[in-house]
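Report on the structure
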Number of protein chains: 2
Amino acid sequence: MAGTDKSQLEEDESTPETPSLAVILVEPQMGENIGMASRAMLNCGLTDLRLVRPRDVWPNPKASNAASGADVVVDGARVFETTADAIADLSVVYAATARPRDMIKTVMTPRHGVPNLRREAEAGQACGVIFGGERAGLHNDDVALADVVLQAPLNPGFRSLNLGHAVLMVCYEWYQATNSAPGEFLTEVHTRQATKGELVNFFERLEGALDDSGFFHVLEKRPVMARNIRNIFQRSQLTEQELRTLHGIVSALIMPRNV
Amino acid sequence: MAGTDKSQLEEDESTPETPSLAVILVEPQMGENIGMASRAMLNCGLTDLRLVRPRDVWPNPKASNAASGADVVVDGARVFETTADAIADLSVVYAATARPRDMIKTVMTPRHGVPNLRREAEAGQACGVIFGGERAGLHNDDVALADVVLQAPLNPGFRSLNLGHAVLMVCYEWYQATNSAPGEFLTEVHTRQATKGELVNFFERLEGALDDSGFFHVLEKRPVMARNIRNIFQRSQLTEQELRTLHGIVSALIMPRNV
């Protein structure tokens, strides 16, 4: 049966999960920024870096240094003479630019546009994003080659991003687009959450100790005070281990002191 | 009437719109990264930078240089001897860290946690995020001072972000958290979208010209071919100006050529 071909199965499973995005830097000036862009790409699982007319000779040791270990990106970078050459094999290209252009063009925020681009890639389209150099950003001719302009909502008085930061922003949105990690969780340590029974047991012991110590000297206020104290500890999502620590604290505090 | 007190009104309007976030860098090493972090902060409208035991002497010209104009952040940065001192006036502090810690702590992604933090700030709480130095990140003692750990889902094989990039990621999420810009729009130029009447007028003119030129030589295919052509132009969301350009193109192409 064709469906049981193992190599086929593996390919079917891997292809939609690892769509790729090319990052194209047009006339980048500083090797440090190329290196930082490489690091940002690999942080987000991307490796296809393309450079159009980099100012300095390539390979550039400053780029390798700033990449902090993202060698697979820097060493694999390809250099092109024109933007058109660099994107010739791509079907969907977005242009990242801070400045509004006097062109009729669809503009998307990275938050909206990058997941869009990822869906294109998952559907099998070869996708890329072009970024302009440090001095002047993208030429209008480069922007005209793109399908969509990506423009992040930022402080209108200070909008220009560092090149590496711009690459990070786009790659970050790319990685988050299908990330299914929960937004919030409690670090797992080798202990479990305390049960409600253990909690109540602790509350009752604590309240007993407070009774003995005269803490609840206005008796009619005891119920509300006890409730407030329970809420303090309730809110902490205590683990069984932490609850034992708290029991230890109570034990220590009620011990007769050597005066 | 109290409600018409102008100064009061202005304050009421401005306070919830510009909640602030302190960025605390603990033992930052490279001036360049402090400068890049400053630039990222101002890109996102933030200015409250605090440094705990920076490695190099402060003020640091490398930081000012890398800030690329974010002088208001760099020049206003305050230096502290301990993390506890640096966050003493804050009520809600998150710690940005790449590494999981052996602590029982609420962990949030920046996408989930930063909007959370912004809501705290909008409710009047003084908020901040602490970041560790380039070499080893935050000490566990610093993490223990924080309410929540911020940890971005990133390439598990290459998770460590550049310090400036980590600051950008958090500040970017901060700015996006209440940004109400539409995710997608068409650049506004001084022209309007073509009306459907203008479009159909163009389609009919083009199809007439194609009839004359013998383009539709298989007559039974004319309806589907015409429909396909209409779809091409329909998809482009043409403006009235662009439609006039297209009319000009048709006019030029049907002109008798000088052979």
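What this report covers is the structure whose coordinates are included nearby.

Looking at the environment of P19(B)
Residue and element names in this part refer to chain B. Mapped onto the elements of the fold, P19 is located in the loop between α1 (6–17) and β1 (21–26). With 47 residues separating them along the chain, P19 and A66 place their C-alpha atoms 26 Å apart. Not counting residues within four places of it along the chain, the set of residues in contact with P19 comprises R118, A121, E122 and W174.

A few points about helix α9 (residues 196–213) of chain B
All names here are of chain B. With 18 residues, α9 should cover 26 Å at 1.5 Å per step; its first-to-last C-alpha distance of 25 Å lies within 8% of that length. Those residues of α9 that sit buried are L199, F202, F203, L206, E207, A209 and L210. Projected down its long axis, α9 carries its buried residues within an arc of 160°, all on one side. In α9, the exposed positions that point more than 90 degrees away from the buried face belong to G197 and D212. In the core, the buried residues of α9 are packed alongside α10 (222–234) and α11 (240–254).

Details of the sheet that holds strand β7 (residues 148–150) of chain B
Spatially, eight strands are ordered β8(A)-β5(B)-β7(B)-β4(B)-β6(B)-β1(B)-β2(B)-β3(B) in an open sheet, and the strand pairing comes out mixed. Two strands in the sheet have a free side with no partner beyond their single neighbour: β8 (184–186) of chain A together with β3 (78–80) of chain B. The sheet shows a mean angle of 25° between the axes of neighbouring strands, taken without regard to direction. This element, helix α2 (residues 31–43) of chain B, spans β1 and β2 (48–52) of chain B of the sheet and lies at about 155° to β2(B).

A short note on the pattern of salt bridges
Where charged atoms of side chains with opposite charge meet at close range, the side chains can pair. Taken as a whole and assessed by the stated rule, the structure comprises 22 salt bridges over all chains. Residue D48(B) pairs with R78(B) through a salt bridge whose shortest N-O separation is 3.2 Å. Note that D48(B) is positioned in strand β2 and R78(B) in strand β3, a separation of 30 residues in sequence. By relative accessible area, which is 17% here, D48(B) ends up buried. Judged by relative accessible area, R78(B) falls into the partly exposed class, the value being 39%. A salt bridge links R244(B) to E240(B), with the shortest nitrogen-to-oxygen separation between them at 2.7 Å. Of the two residues, R244(B) and E240(B) are both situated in helix α11; the distance of four residues between them amounts to about one turn of the helix. For E240(B), a relative accessible area of 19% translates into the label buried. Counted as one network, the salt bridges with shared partners bring together D48(A), R50(A), R78(A) and D89(A).

Some remarks on the relation of the copies chain A and chain B
Expressed as a screw transformation, the operator carrying chain A onto chain B has a rotation angle of 180° and an axial translation of 0.1 Å, and the superposed copies differ by an RMSD of 0.2 Å. Interpreted geometrically, this transformation is the action of a two-fold axis. Taking C-alpha positions as the reference, the residue of chain A nearest the rotation axis is H165(A), at 3.1 Å. Take the interface residues of chain A: 100% of them recur as interface residues in chain B, which is what a same-surface contact looks like.

Structural notes on the pairing of strand β4 (residues 92–96) of chain A
All names here are of chain A. Most of β4 sits inside the fold, with five of its five residues counted as buried. The two faces of β4 match: V92, Y94 and A96 on one face and V93 and A95 on the other face are all buried. Of the pairings in the sheet, the one linking β4 to strand β6 (residues 127–131) comprises five bridges and is parallel in character. Bridge pairing links V93 to G128 in β6. Where β4 and strand β7 (residues 148–150) come together, three bridges link them in parallel fashion. Bridging from a neighbouring strand, Y94 pairs with V148 of β7.

Details of the packing of aromatic side chains
Enumeration over the complete set of coordinates arrives at six aromatic pairs over all chains. Taking the centre distance of 6.3 Å and the plane angle of 55° together, the rings of F202(A) and F203(A) count as tilted. Residue class for F203(A) comes out buried when judged on its relative accessible area of 3%. Centre to centre, the rings of F215(B) and F216(B) are 5.1 Å apart; their planes meet at 80°, and the pair counts as edge-to-face.

A short note on the interface of chain A and chain B
Taken residue by residue, the interface counts 54 residues in chain A and 54 residues in chain B. Counting each side, the surface lost to burial between chain A and chain B is near 4,600 Å², with a carbon and sulfur contribution of 58%. When the area that chain A buries against chain B is broken down by residue, the three leading residues are I104(A), F158(A) and H165(A), summing to 16%. The closest approach of N and O atoms between E173(B) and R111(A), which form a salt bridge, is 3.0 Å. Run the count over chain A and chain B and you get 20 residue pairs in polar contact (both at pLDDT 80 or more). Listing elements by their share of the side of chain A that touches chain B, those giving two or more residues are α2 (31–43), β5 (106–108), α6 (110–122), α8 (163–177) and β8 of chain A. A per-element tally of the side of chain A that touches chain B places α8(A) first, with eight residues. Split by residue class, the side of chain A that touches chain B holds 25 nonpolar, 20 polar and nine charged. Note: β8(A) against strand β5 (residues 106–108) of chain B, three bridges, orientation antiparallel.

Let's talk about the packing of α2(B) against helix α8 (residues 163–177) of chain B
For any two helices packed against each other, the geometry is given by the interaxial angle and the distance between the axes. All names here are of chain B. In the contact formed by α2 and α8, the axes pass within 8 Å of each other and the chain directions differ by 15°. With respect to each other, α2 and α8 are oriented roughly parallel. Considering only the axes of α2 and α8, their crossing is right-handed. On α8, the residues that touch N33, A37, A40 and M41 of α2 are L163, G164, V167, L168 and C171.

Conventions and cut-offs
Residues numbered from 1 in each chain as written. Chains lettered and ligands numbered in written order. Predicted model: local features only at pLDDT ≥ 70, side-chain atom pairs only at ≥ 80, totals over all residues. Heavy atoms only, no water. Helix = DSSP H or I, 4+ residues; strand = E, 2+ residues; numbered from the N terminus. Contact = heavy atoms within 4.5 Å. Expected span 1.5 Å × (residues − 1). Buried < 20%, exposed > 50% of the residue type's maximum accessible area, 1.4 Å probe, protein only. Arc of directions from axis to C-beta. Pairing = 2+ DSSP bridges. Axes fitted to C-alpha atoms, helices over the stretch in contact; angles between N-to-C directions. Salt bridge = Lys/Arg side-chain N within 4 Å of Asp/Glu carboxyl O. Least-squares fit on C-alpha atoms with pLDDT ≥ 70 in both. Phe/Tyr/Trp six-rings, centres within 6.5 Å; stacked < 30°, edge-to-face > 60°. Buried area = accessible area lost by both parts, 1.4 Å probe. Polar contact = N/O pair within 3.5 Å; in protein donor to acceptor, adjacent residues only side chain to side chain. Nonpolar A, V, L, I, M, F, W, Y, C, P; charged D, E, K, R; others polar. Parallel < 35°, antiparallel > 145°, perpendicular 65-115°, else oblique. Left-handed = near helix turned anticlockwise from the far one by under 90°.

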